[in-house]
Amino acid sequence: MTLLETRGLTVRFGGLVALDGVDLEVAEGETVGVIGPNGSGKTTLFNTLTGLYAPAAGAIAFRGRDLVGIEPHLIARLGIARTFQASRLCLGLSVFDNVLIGMHARRRTGLLDAVVRRPRLRAEIHEAIARASHFLGLFNADLVARGWERVGQLPQIDRRRVEICRALASVPQLLLLDEPSAGMNPEETAELMKDLQIVREEMPGLSIVIIEHDMFVIEGVSRRVAAFNYGRKIAEGPFAAVAAHEEVREAYLGKEGVRA
Amino acid sequence: MILVLASEAVLFVLAVAGILAERPLPLAATGGVLAALALLLRFSPKLRGALVGAFTAHRTGALAGAAVFAVLLPFALRASPYWTFVATLALLYVTIGQGLNFQIGTAGLINLAGAAFAGLGGYTVGLLTVTGGWPAWLALPLGPVVAVAVGASLFVPILKTRGHYLALVTIAFVFIFNILMNNFEFTGGPQGIKNIPTLQVFGYAFTTRLTLFGVALPAHANFYFAALVVAGLTTAVIRRLHDSWLGLALNTLRDDEIAAKCSGVSITRAKLTAFSVGNFFIGLGGAFYALMVGFISPPDFDFGYSLIMLSVIIIGGVDSIPGVVLGACLLLPLPERFRFLHEYRLLLYGVVILVMLLYRPQGLWPAAVRRYR
């Protein structure tokens, strides 16, 4: 079943066409890799899907619903969660706080519970902390023990895990990962691939779109790959086929490089 | 538990001694003891650890003890109506500071119009009682309501601005408010509103001299106890809101608006809630002030008071709820104690803000991690 479908998605910044008529389909439970050189429109695609940018033309259908013109926080509530290329955690807040914000939209208690009927809020938060601990514990038991510490005190790889947990906490149907291995060394990247495997096993129905520059990660986690250049989708298919695609090789290596 | 109460008692005795010491020698002695204790704490990690452990273990006991000492304060100050008044003023700044800190510290909404929102509360009470003939107790809750309503309408242009621009819009609002109050006929212009009737609850006027347990207290003690209840309730409500989903959402959008949006937080709604909650308590403080003093005029709510409110937050600790209490209790009485400083009050506040921002930006009592208690 198709979960997400874009048709002719186009985004312009003044004269620059950042996305040019992109058609993309993501099925339920599928992992799709997105590759392309810097500035090819990958992150713009994510920002448009999550409502941060308004498309100039085209349509986005998510579970049969048009997402164009819907505000970001409502899109998040519809079931699209994401991480960011440069971490967007709140470093001064605790690990639990950073995960709990993902559950904010699903809260059942309001201001009255917070002030007057306090036990209701406490019970719900208790439950939320347990769920956050579950997600954090999938990746690293140590993270649960450090749950009340500020995120700024964690190493890079654990911060990335907290960010993934924040996205998972909202129980999304579509998870967008924007270059999760950015700034990581090879060992950390190997750890990250294990983490993505864990996510896959834990939530088999979850669809994932992952932007990556690290081809080992892309090859390891995604069955299908879409390649972008200058805002256009230039190739799509299994990793081996896309990697061998002439236009993709040109985009990465230049015309000279391909000939050599 | 004994350690907790003993240290609170020592602090109470020192504070009272510092306030009541008229001559330089006892004053210097009190200051010396305070400084010695501070140094002892600074260089003895063992003692510090023991105190922190005791206060964490007996949180409720510590709060109850602090409440008891707060109730005892007017008895210790019974000889001086003036100091009872100053203590009451500090409590009003706790109320106002909690409201403002919820906007500035928790939500990152730099509101420099604290004085204007307090003024809205004060003028509402003044107009309703003097011009409208309402009883004071009925007018009191309407002050904060007007502050919230005006704040919400001001919020529409504010929503489009962020960071420094928001600060500029609110600065403009304080000046507009002052010019309007100075020029409107119905607000009394520069003369303000005189003879605001005092609070009367069940026929008991707040200007009667209070005798409790056989001890005669100055009339201002009535307001002191009322302000204590208001400040305590405000602090409890703000703390509960801060340690809830709302506080979490506000902290998140303060640190990273895009992350908050993409986690499903409605920025508009959260900001409007924070702004309104804050203005309610700021307006409440202003309304109470009008009833206590009985006279208000535009200079009572000018930009300088916005800065005093801001310094309470910066000294205590941005986003820190106990910090606001500490900040108000330090910042208001100190210039009164050293009268020679009084002339240079605003200068003093400016220097204090500068030193704090340079050397201890997290404040004297930094915000702790949210534990949802």
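Keep in mind that this is a model prediction, so the values were computed, not measured. (Residues numbered from 1 in each chain as written. Chains lettered and ligands numbered in written order. Predicted model: local features only at pLDDT ≥ 70, side-chain atom pairs only at ≥ 80, totals over all residues.)

A. Summary view of the overall build of chain B. Each helix and strand in chain B was counted, giving 18 helices and four strands. The principal-axis extents of the C-alpha atoms in chain B amount to approximately 55 × 50 × 40 Å. Split into buried and exposed, the 373 residues of chain B put 43% on the buried side. Intrachain contacts of chain B at a sequence separation of at least 6 include 76% that bridge at least 24 residues. (Helix = DSSP H or I, 4+ residues; strand = E, 2+ residues; numbered from the N terminus. Buried ≥ 20, exposed ≤ 12 C-beta atoms within 10 Å, placed from the backbone. Contact = placed C-beta atoms within 7 Å.)

B. Structural detail: the nonpolar core. Val 99 of chain A together with Ala 249 of chain B are the most contacted members of the largest nonpolar core, which has 168 residues in total. A total of 14 residues in this core trace back to one element, the largest contributor, which is helix H13 (residues 267-293) of chain B. Each residue touching Val 99 of chain A, except ones within four places of it in the same chain, is listed here: Ala 132, Phe 135, Leu 136, Val 162, Cys 165, Arg 166 and Ala 169 of chain A. (Core = buried A, V, L, I, M, F, W, Y, C linked by C-beta atoms within 7 Å.)

C. Local environment of the sheet that holds strand S9 (residues 224-229) of chain A. Residues and elements named next belong to chain A. Taken in spatial order, the six strands make up an open sheet running S6-S7-S8-S3-S9-S10, and their pairing is mixed. This sheet does not close on itself; its edge strands, each paired only once, are strand S6 (80-82) and strand S10 (232-237). When the angles between neighbouring strand axes are averaged without regard to direction, this sheet yields 20 degrees. The pairing of strand S3 (residues 31-35) with strand S8 (residues 207-211) spans four bridges and is classified as parallel. Bridging from a neighbouring strand, Val 32 pairs with Val 209 of S8. Against the sheet, helix H1 (residues 42-49) makes contact with S3, S6, strand S7 (174-178), S8 and S9, and its axis sits at roughly 145 degrees relative to S7, the strand it touches most. (Pairing = 2+ DSSP bridges. Axes fitted to C-alpha atoms, helices over the stretch in contact; angles between N-to-C directions.)

D. The sheet that holds strand S1 (residues 2-13) of chain A, seen in detail. All names here are of chain A. Reading across from one edge, S2-S1-S4-S5 is the order of the four strands in this open sheet, with antiparallel pairing throughout. In this open sheet, the two edge strands, each paired with only one partner strand, are strand S2 (16-27) and strand S5 (65-66). Relative to strand S4 (residues 57-62), S1 is paired through five bridges, and the arrangement is antiparallel. Within S4, the position partnered with Thr 6 by the bridge is Ile 60. Of the strands in this sheet, S1, S2 and S4 are in contact with H1, which crosses S2 at around 70 degrees.

E. Expanded view of the interface of chain B and chain A. On the side of chain A, 30 residues touch chain B, which itself brings 23 residues to the contact. Where the side of chain B that touches chain A is concerned, the elements lending two or more residues are helix H10 (220-242), helix H11 (245-255) and helix H12 (257-262) of chain B. Sort the elements by how many residues they give to the side of chain B that touches chain A and H11 of chain B lands first, with seven residues.

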